[in-house]
Amino acid sequence: MMELVLATNNPKKVTEIRARWGNDAVRLFTLQEAGITGELPETHETLRENALEKAQYVYERTGKWSLGDDSGLEIEALDGRPGVYSARYAGEHGNAEANMQKVLSEMEGVSNRRASFKTVLALETGDVSYFFEGEIQGMIIPEKRGTGGFGYDPIFVPDGYTQTFAEMDPEEKNAISHRSLAVDKLLEFLKNS
Ligand code: IMP
């Protein structure tokens, strides 16, 4: 059976990818299961380069196919910020509360609330690297709503919905999210290869 390591330390990303996984021929491993501890490198200025950097770091240490996920929230009125800096927008890596507060204060009084979530998945196979992208459009609301999901979910309402990602059931977010769109493209690729 083919083995694929998920090159992420974010348990929410692991859950979302696993929930979408529909390929019994490929067995997914977490970093922990693959014996990798510590932070993954993330040193570039694009989602694509960062996703690949994570995947290659894990491939080099495990010899197994590896999948990196780099994602971000791009807000039109903020010239695409926080973008690739989404995880560390307020300074400290992964402080979702502080990151959201920074976005909400920058968006105070701003009428253009358009934003999109993007995910780039990089699949490192040793010989070749492949990329799969997903994107969802929506709006930044003025205050947080909901407790589900992670990161900026409480302030993002996807187009065509009234609830934030954090107010939705996990299945509902997973049916439409940027990450799921990218995972579906990867699954399609694996099915055909
Ligand atoms: P990464 O781990 O470098 O990809 O950082 C992604 C950051 O973007 C996370 O820390 C979150 O703040 C945000 N992010 C990525 N995907 C999502 C999502 O599905 N919902 C909410 N925030 C997300």
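So, how was this worked out
Residues numbered from 1 in each chain as written. Predicted model: local features only at pLDDT ≥ 70, side-chain atom pairs only at ≥ 80, totals over all residues. Heavy atoms only, no water. Phe/Tyr/Trp six-rings, centres within 6.5 Å; stacked < 30°, edge-to-face > 60°. Helix = DSSP H or I, 4+ residues; strand = E, 2+ residues; numbered from the N terminus. Buried < 20%, exposed > 50% of the residue type's maximum accessible area, 1.4 Å probe, protein only. Lys NZ or Arg CZ within 6 Å of the ring centre and 35° of its normal. Core = buried A, V, L, I, M, F, W, Y, C linked by side-chain atoms within 4.5 Å. Contact = heavy atoms within 4.5 Å.

Before going further, it helps to spend a moment on the packing of aromatic side chains. Using the criterion set out here, one finds five aromatic pairs in the structure. With centroids separated by 5.4 Å and ring planes inclined at 50°, the aromatic side chains of F132 and F189 adopt a geometry described as tilted. Of this pair, F132 sits in strand β5 (residues 129-140) while F189 sits in helix α5 (residues 178-192), placing them 57 residues apart in sequence. Classification of F132 as buried rests on a relative accessible area of 8%. Ring pairs connect the aromatic residues F117, F156 and F165, which therefore count as one cluster. Positioned above the aromatic ring of Y89, the side-chain terminus of K102 is 4.2 Å from the ring centre. Across the ring face of F165, the terminal group of K173 is positioned such that the distance to the ring centre comes to 5.3 Å.

Once that is clear, we can look at the nonpolar core. Core analysis: the biggest nonpolar cluster contains 20 residues, and L73, I75, V103, I140, Y152, I155 and F156 have the highest contact counts within it. Looking at this core, the elements that each hand over two or more residues are β3 (65-75), α3 (96-106), β4 (114-124), β5 and β6 (156-158). Looking at this core, the element that brings in the most residues is α3, giving three residues. Those residues in contact with I75 that lie beyond four places of it in its chain are G80, R81, P82, V103, M107, R114, A115 and I140.

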